[in-house]
Amino acid sequence: MKESTTKKYELVFIPSPGISHLVPTVEFAKTLLDTDHRLSVTVLTMNVPYGPILSSYTDSLPEIRFIELIQPDSPPPEMKISLSGLCELIDYYKPHSRRAITQLIATELDPNSISLAALVLDMFTMPMADIGGELGVPSYVYYTSAAAALGLFLHMPVFDSTIETDLENELTRELEIPGFKNSVPAIAVPSVLWTKNSDDYAWYLYNGRRVGETKGVIINSFYDLEAYAIDSFRSNSSYPYVYSVGPVLDLAGRANSDKSHTQQNENIMKWLDKQPARSVVFLCFGSRGTFDVDQVKEIANGLERSGQRFLWSVRAKDGSTRLDELVPEGFVERTAERGMVCGWVPQVAILGHGSVGCFVSHCGWNSILESVWFGVPILTWPLYAEQHLNAFLLVKELGLSVELKGYYRVSEDDLVTAEEVERGVRRVMEGECEEVRKRVEELKEKSRSALKEGGCSVRSVKRLIEDLIQGK
Ligand SMILES: O=c1ccn([C@@H]2O[C@H](COP(=O)(O)OP(=O)(O)O[C@H]3O[C@H](CO)[C@@H](O)[C@H](O)[C@H]3O)[C@@H](O)[C@H]2O)c(=O)[nH]1
């Protein structure tokens, strides 16, 4: 039978919960819709403790069908705040995802006019690949971090069989990880991999193995940024094909459109308007980066001593939101002329403001891509997850950032001292790192070229669409 020329193809995305996975995934889904009208998209969302659904964000995108997974039979297990806690909760949602997809097929799809072409999963929603297998549709992964970090995921089966002891006892050991030119010290791999006999380790291994079994991995990175990693994966036929489609960013600030932040956002932007070009140090540590009060004090003292202007988004570990209780007494008053301390901030708008000259960042991948896009050099301060690997990539492999000394924390009591904060900030702001600034400027232009007609990421998106439609 001849296929109708207007045939459409449905993609079901299942991202991990939380702004840093949901938003880049949905923004990419929107890119697909804008690129090819034969596609339509459903996104399954999960409402979990550290990943609110962001309804003002999803409401702003009527062209995408969002289905919130609900639990008609039993409430979800209480979530432990750990990788295994997140993965167990995602696994719990597997039957609910299956039900939602089956219902979608029965009520909204029709094999003659619109068929399910693929599931697009996330690095931590890999249990859902079983549903693709049952339905006979391919599973792809949308990987929200660096190509280099994907290298560690793909390497997990080998890592597991070759590393026999707990790395915890040999953190200076050098490891060969695909995607990295240099060997990587064990201390830079996610700490969940330091001890083999743990649930966190088991989930990392599971997800890594299953990512390697998919049809293709779509990465939020671009060829000119990570050519080494991308080429090395593409030349290894045992890996899935890697499509580099980034940087995928929420430049419209849709995820920060929540009305409760409007006033604060306006105050921040007005304050930035009054500062000279490239004079402000911006500190922000992602959606979940928090510090003990002792560490907050060291940062405050370091900033004060540096004499630099700053905009500091700070949150405490104990959940305290009273900023004046967190920072040392008198700090806000003493630095009022040149500093602003706040909670949640509109990060993309801030990085895009010409007054920002340095970004002290935890090296979450979205933050990195945003800073590259706006050409703001990073002073690296990774905290958890794969952020130390990202920092290693930026500093040692790409020459794109300056390293803040002292961030490797082996014990809970380790602190980055005020002296190191002061020294790091001065190095970036007082012209010691011109090579890094030049490199960032170069990559800024390349990130923009990647998304222009004929650019490397646009070509990769087109290839992906053809492969999805042809069921390759
Ligand atoms: O006050 C804030 C804090 C964050 N953001 C935004 O929130 C996102 C944060 O994402 P990211 O920089 O990737 O940090 P995390 O939230 O920590 O991201 C998690 O997910 C990333 C992508 O997989 C990983 O690289 C990180 O290690 C992991 O912690 C970015 O778009 C920021 O612009 C704001 O707008 N305002």
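Residues numbered from 1 in each chain as written. Predicted model: local features only at pLDDT ≥ 70, side-chain atom pairs only at ≥ 80, totals over all residues. Heavy atoms only, no water.

## Considering the UniProt feature "coiled-coil region" (unreviewed entry) in the chain
Here is step 1 of the chain: Per the UniProt record, "coiled-coil region" (unreviewed entry) is annotated on residues 426-453.
Here is step 2 of the chain: The span residues 426-453 is 75% helical and 0% strand by assignment, and the distance between its end C-alpha atoms comes to 39 Å. (UniProt positions renumbered as here; feature names shortened; annotations may be inferred. Helix = DSSP H or I, 4+ residues; strand = E, 2+ residues; numbered from the N terminus.)

## Points about the pairing of strand β13 (residues 356-361)
Here is step 1 of the chain: Burial runs high along β13: six of the six residues are buried.
Here is step 2 of the chain: Bridging between strand β10 (residues 280-284) and β13 involves five bridges; their strand directions are parallel. Paired with Phe282 across the strands is Phe359, a residue of β13.
Here is step 3 of the chain: As judged from the three bridges shared by β13 and strand β14 (residues 378-380), these two strands associate in the parallel manner. Looking at the pairing, Phe359 lines up with Ile378 of β14. (Buried < 20%, exposed > 50% of the residue type's maximum accessible area, 1.4 Å probe, protein only. Pairing = 2+ DSSP bridges.)

## What to know about the nonpolar core
Here is step 1 of the chain: Within the largest apolar cluster, 131 residues are counted, with the highest numbers of intra-cluster contacts made by Leu150, Leu311, Trp312 and Trp381.
Here is step 2 of the chain: Shared between two domains, this core takes at least three residues from each, and those domains are domain 1 (8-251 + 450-470) and domain 2 (259-448).
Here is step 3 of the chain: Setting aside chain neighbours within four positions, we find Trp312 in contact with Leu283, Phe285, Val296, Ile299, Ala300, Leu303, Val327, Phe331, Met340, Val341 and Cys342. (Core = buried A, V, L, I, M, F, W, Y, C linked by side-chain atoms within 4.5 Å. Domains from an automatic or database assignment. Contact = heavy atoms within 4.5 Å.)

## A look at the layout of surface pockets
Here is step 1 of the chain: Here the second largest pocket is characterised by a volume of approximately 400 Å³.
Here is step 2 of the chain: Lining the second largest pocket we find 19 residues, and of these Thr31, Val245, Pro247, Val248 and Leu451 sit closest to its centre.
Here is step 3 of the chain: Every element with two or more residues in the lining of the second largest pocket is listed here: α1 (19-35) and α18 (456-469).
Here is step 4 of the chain: Its residues placed into classes, the lining of the second largest pocket shows ten nonpolar, three polar and six charged. (1 Å grid on protein atoms, 1.4 Å probe; cavity = no way out; pocket = protein on both sides within 12 Å on 5 of 7 lines; lining within 4 Å. Points joined across faces, edges and corners; volume = space filled by probe spheres on them. Nonpolar A, V, L, I, M, F, W, Y, C, P; charged D, E, K, R; others polar.)

## Describing the site of the ligand
Here is step 1 of the chain: By nearness alone, 26 residues border the ligand, and Ser287, Val345, Ser367, Glu370 and Glu386 come closest of all.
Here is step 2 of the chain: Within the side chain of Asn256, a nitrogen or oxygen atom sits 2.9 Å from an oxygen atom of the ligand.
Here is step 3 of the chain: At 2.6 Å from a nitrogen atom of the ligand is found a main-chain nitrogen or oxygen belonging to Val345.
Here is step 4 of the chain: The protein chains hide 94% of the 690 Å² of surface that the ligand would expose on its own.
Here is step 5 of the chain: Among the secondary structure elements, those contributing two or more residues to the shell around the ligand are α1, α14 (365-374) and α15 (387-397).
Here is step 6 of the chain: Take the shell around the ligand: its biggest share by element is four residues, from α14. (Near = heavy atom within 4 Å. Polar contact = N/O pair within 3.5 Å; in protein donor to acceptor, adjacent residues only side chain to side chain. Areas by Shrake-Rupley, 256 points an atom, 1.4 Å probe, with all protein chains shown as cover.)

## Regarding the pattern of salt bridges
Here is step 1 of the chain: Tallying each qualifying case throughout the model produces 29 salt bridges.
Here is step 2 of the chain: Linking Arg209 and Glu213 is a salt bridge whose minimum nitrogen-to-oxygen distance equals 3.3 Å.
Here is step 3 of the chain: Classification of Arg209 as partly exposed rests on a relative accessible area of 37%.
Here is step 4 of the chain: As a salt-bridge pair, Glu213 and Arg210 come within 3.8 Å of each other at their nearest N and O atoms.
Here is step 5 of the chain: Assessed through its relative accessible area of 51%, Glu213 is described here as exposed.
Here is step 6 of the chain: Judged by relative accessible area, Arg210 falls into the buried class, the value being 14%.
Here is step 7 of the chain: The network of salt bridges with shared partners includes Lys94, Asp130, Arg209, Arg210 and Glu213. (Salt bridge = Lys/Arg side-chain N within 4 Å of Asp/Glu carboxyl O.)

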